[in-house]
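Below are the chains, spelled out letter by letter.
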Amino acid sequence: MRPLTEQETKTFFEKLAKYIGRNITHLIDRGDETYCFRLHRDRVYYVSEAVMRKATSVGRDQLISLGICFGKFTKTGKFRMHVTCLDYIAQYAKHKVWIKPNGEMPFLYGNHVVKAHIGRVTEDTPEHQGVIVYSMTDVPLGFGVTARSTSDTRKLEPTAIVVFHQADIGEYLRQEDTLF
Amino acid sequence: MDVSGVLEAHKQKFKSVTVEGKIIPVEYDLGLLAAYDQNPVDEGELNKNKDEYLQSLSRDNAQLLFNEIFQLPTISDDNGVMAMLPTPTTLLPREKPLPKPKPETRWEKFAKAKGIVKRKKERMVFDETSGEYKPRWGYKAINDDGTKDWLIEVPAGANPMDDQYEARREAKKERIDRNEKRHQRNMEEAAVASKLDRKTVNKGERPNMDNARAMKRKELESQILITKNSTASVGKFDKAIEGDLKPRGIKRQFAPTITDLSKEKAGNMNILDKIVGKNGEDLVNVRKAIKATKRQ
């Protein structure tokens, strides 16, 4: 467990900013408790200071997980977000997509979101923007990246992909062992 | 006139020149004007009155030393009578440590293994042509490796127009150069070996030349890495060459896990400012603003 280096922080924030933009500030600077990001076995954990201090007494090999896993660094140095961070990024998301009940299951099985399944979209979502996917009952289901901007979506046929799948809560079952 | 009484009185003023009560005879090294008294000190006497006892002891021993000196053969001189001191017998310890043996050169090692013994040759050799002795080698040598022959046969298969003197001079020069290189190599190996010696002295290992070569290589590699980084950007923006040396054994440095979190937070904020600013995320959504104004 160690703090992120400057380069790591940069790649991590760049990815995170695609979803919540400037709202990362609220993660860093919280009113209730001091939280920090810590790297452990290539994974970035969002953890309170108290828990982090306690975790220092656990050996590196023995420590499995701490706090909330936000994602991991790939071997090529890119950052990949895990669905475990959904609660935090859903809270501060700038752009959202709501999908109809008939589209929920395909998305939760790891498929992209097609136009026919979309119920509602945040206005003026640009292309390749990170979005949070909600069910129509406002339950966050996962997140993805828009394939087209909102205005371009209107001209598309119903089977066209609108949101590329990134992570969904079905992964809690599918990737149980590697997620945290 | 009887002066014996006067003499006796005079004598009484001085202590006796004979010293008694030495169980072990005192040893002398008259060359160093030294006497060694091996007799144990009388402890009761010493504790009673220390100064007096030590004074009397040293006086007695000094007396014994003077007695010995007066038995030496003397010579008379303008300056007076002088005793002839013998050569000192006491061995003094060496002031400096023994010089270390010189590290063996490659040839010396080879010769030792093969049992080749160096035979001494005279420096001066009789030159029949001039009829006098000349040095075997060096300045004004007798025949400088065949370069002073008055006639050289053209070797079989050689170009008759070639200068054979020139060829011999060249050959000699080459030999000298090669020897110079060997000398250089021996020096380097010796330097490394002495360095290894200091390292392995506690382990009782003998430095070997494979080690020496490896060490030399390591040294060179580190030097290359230093020169690579000696650019204006400290090597950051230099093009990487394929198959180039990679720095080994350089550990990455990370910030400590537990630090002042407010400082870490400030650093994170700084990075965030840079990123969000770069992405062009503005406070005003321009498209939305245009739409809103159009509606009005």
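Residues numbered from 1 in each chain as written. Chains lettered and ligands numbered in written order. Predicted model: local features only at pLDDT ≥ 70, side-chain atom pairs only at ≥ 80, totals over all residues. Heavy atoms only, no water.

### Some thoughts on the interface of chain A and chain B
With 28 residues of chain A at the contact, the number on the chain B side is 24 residues. Between chain A and chain B, a total of about 2400 Å² is buried, with carbon and sulfur atoms accounting for 61% of that surface. The three residues of chain A that bury the most area against chain B are Arg22, Ile28 and Asp124 of chain A, which together make up 24% of that side's buried surface. Connecting chain A to chain B are three salt bridges. We note a salt bridge from aspartate 29 of chain A to lysine 265 of chain B, for which the minimum N-O separation is 3.5 Å. Counting every contact that joins chain A to chain B gives five residue pairs in polar contact (both at pLDDT 80 or more). If you list the elements that add at least two residues to the side of chain A that touches chain B, you get strand 1 (2-3), helix 1 (6-20), helix 2 (24-28), strand 2 (35-40) and helix 3 (49-55) of chain A. Broken down by element, the residue count for the side of chain A that touches chain B peaks at six residues, all from helix 1 of chain A. By residue class, the composition of the side of chain A that touches chain B is nine nonpolar, seven polar and 12 charged. (Contact = heavy atoms within 4.5 Å. Buried area = accessible area lost by both parts, 1.4 Å probe. Salt bridge = Lys/Arg side-chain N within 4 Å of Asp/Glu carboxyl O. Polar contact = N/O pair within 3.5 Å; in protein donor to acceptor, adjacent residues only side chain to side chain. Helix = DSSP H or I, 4+ residues; strand = E, 2+ residues; numbered from the N terminus. Nonpolar A, V, L, I, M, F, W, Y, C, P; charged D, E, K, R; others polar.)

### Remarks on the side chain of threonine 150 of chain A
All names here are of chain A. Relative to the elements of secondary structure, threonine 150 occurs in helix 6 (residues 150-153). For threonine 150, a relative accessible area of 16% gives the class buried. Within the structure, threonine 150 has its side chain in polar contact with the backbone nitrogen of threonine 125 (distance 2.8 Å). (Buried < 20%, exposed > 50% of the residue type's maximum accessible area, 1.4 Å probe, protein only.)

### Things to note about the pairing of strand 4 (residues 80-83) of chain B
All names here are of chain B. One ladder, built from four bridges, connects strand 3 (residues 74-77) with strand 4; its direction is antiparallel. Of the residues in strand 4, the one forming a bridge with threonine 74 is alanine 83. Between strand 3 and strand 4, which pair antiparallel and follow one another directly, the connecting turn spans two residues. (Pairing = 2+ DSSP bridges.)

### Points about a positive patch on the surface
Residues and elements named next belong to chain B. A cluster of like positive charges, contributed by Arg178, Lys181, Arg182, Arg185 and Arg213, occupies part of the molecular surface. Looking at the positive patch, the element that brings in the most residues is helix 5 (residues 164-200), giving four residues. Checked against the element boundaries, arginine 178 lands in helix 5. (Patch = residues over 30% accessible without salt bridge, like charges linked within 9 Å, V, L, I, M, F, W, Y side chains within 5 Å. Areas by Shrake-Rupley, 256 points an atom, 1.4 Å probe, with all protein chains shown as cover. Lys, Arg positive; Asp, Glu negative; His and termini not counted. Charge placed at Lys NZ, Arg CZ, Asp CG, Glu CD.)

### Describing the side chain of serine 149 of chain A
All names here are of chain A. With respect to the element layout, serine 149 can be found in the loop between strand 10 (140-146) and helix 6. Here serine 149 falls in the buried class, since its relative accessible area comes to 9%. Setting aside chain neighbours within four positions, we find serine 149 in contact with Thr125, Pro126 and Glu127.

### What about the environment of isoleucine 116 of chain B?
Mapped onto the secondary structure, isoleucine 116 of chain B falls in the loop between helix 4 (106-114) and strand 5 (124-127). Excluding its chain neighbours within four sequence positions, the residues that come into contact with isoleucine 116 of chain B are Trp107, Phe110 and Ala111 of chain B.

### Looking at the sheet that holds strand 9 (residues 130-135) of chain A
All names here are of chain A. Across the sheet, which stays open at both edges, the six strands sit in the order 7-11-10-9-6-8 with mixed pairing between neighbours. Edge positions in the sheet fall to strand 7 (113-114) and strand 8 (118-121), since each of these pairs with one other strand and no more. The pairing of strand 6 (residues 96-99) with strand 8 spans three bridges and is classified as antiparallel. Bridging across to strand 8, tryptophan 98 finds its partner in arginine 120. Along the sheet face, helix 1 touches strand 9, strand 10 and strand 11 (161-168) and points at about 50° away from the line of strand 9. Contacting strand 6, strand 7, strand 9, strand 10 and strand 11, helix 5 (residues 101-108) runs over the sheet at an angle of about 75° to strand 10. (Axes fitted to C-alpha atoms, helices over the stretch in contact; angles between N-to-C directions.)

### Thoughts on the nonpolar core
Ranked by internal contacts, the top residues of the largest apolar core, which has 38 residues, are Phe12, Phe37 and Phe70 of chain A. No other element matches the six residues that helix 1 of chain A contributes to this core. If near-sequence neighbours (up to four positions away) are discounted, phenylalanine 37 of chain A is found in contact with Pro3, Leu4, Phe12, Phe13, Leu27, Ile28, Val44, Tyr45, Tyr46 and Phe70 of chain A together with Glu264 and Asn268 of chain B. Membership of the second largest hydrophobic core comes to 11 residues, among which are Phe107, Leu108, Leu141 and Val163 of chain A. (Core = buried A, V, L, I, M, F, W, Y, C linked by side-chain atoms within 4.5 Å.)

### As for the pairing of strand 6 (residues 132-135) of chain B
Regular strands place side chains that alternate from one sheet face to the opposite one. All names here are of chain B. Across four bridges, strand 5 lies against strand 6 in antiparallel orientation. Within the sheet, the bridge partner assigned to methionine 124 lies in strand 6 and is proline 135. Between strand 5 and strand 6, which pair antiparallel in sequence order, lie four residues; one of them, glycine 131, sits at a positive phi of approximately 75°.

### With respect to empty space enclosed by the protein
By the definition in use, this model includes two cavities of 30 Å³ or more. One number sums up the size of the largest cavity: a volume of about 60 Å³. Lining the largest cavity are Ile28, Tyr35, Cys36 and Phe37 of chain A together with Leu261, Glu264, Lys265 and Asn268 of chain B. Residue assignment for the lining of the largest cavity shows that the elements contributing at least two residues are strand 2 of chain A together with helix 7 (261-278) of chain B. Of the residues forming the lining of the largest cavity, the biggest block, four residues, is contributed by helix 7 of chain B. Per-class residue counts for the lining of the largest cavity are five nonpolar, one polar and two charged. Roughly 50 Å³ of internal volume is contained in the second largest cavity. For the second largest cavity, the full set of lining residues is Val97, Val121, Thr125, Thr146, Arg148, Ser149, Thr150, Thr153 and Val162 of chain A. Class assignment for the residues of the lining of the second largest cavity results in three nonpolar, five polar and one charged. (1 Å grid on protein atoms, 1.4 Å probe; cavity = no way out; pocket = protein on both sides within 12 Å on 5 of 7 lines; lining within 4 Å. Points joined across faces, edges and corners; volume = space filled by probe spheres on them.)

As far as function goes, none of this settles anything; it's purely spatial.
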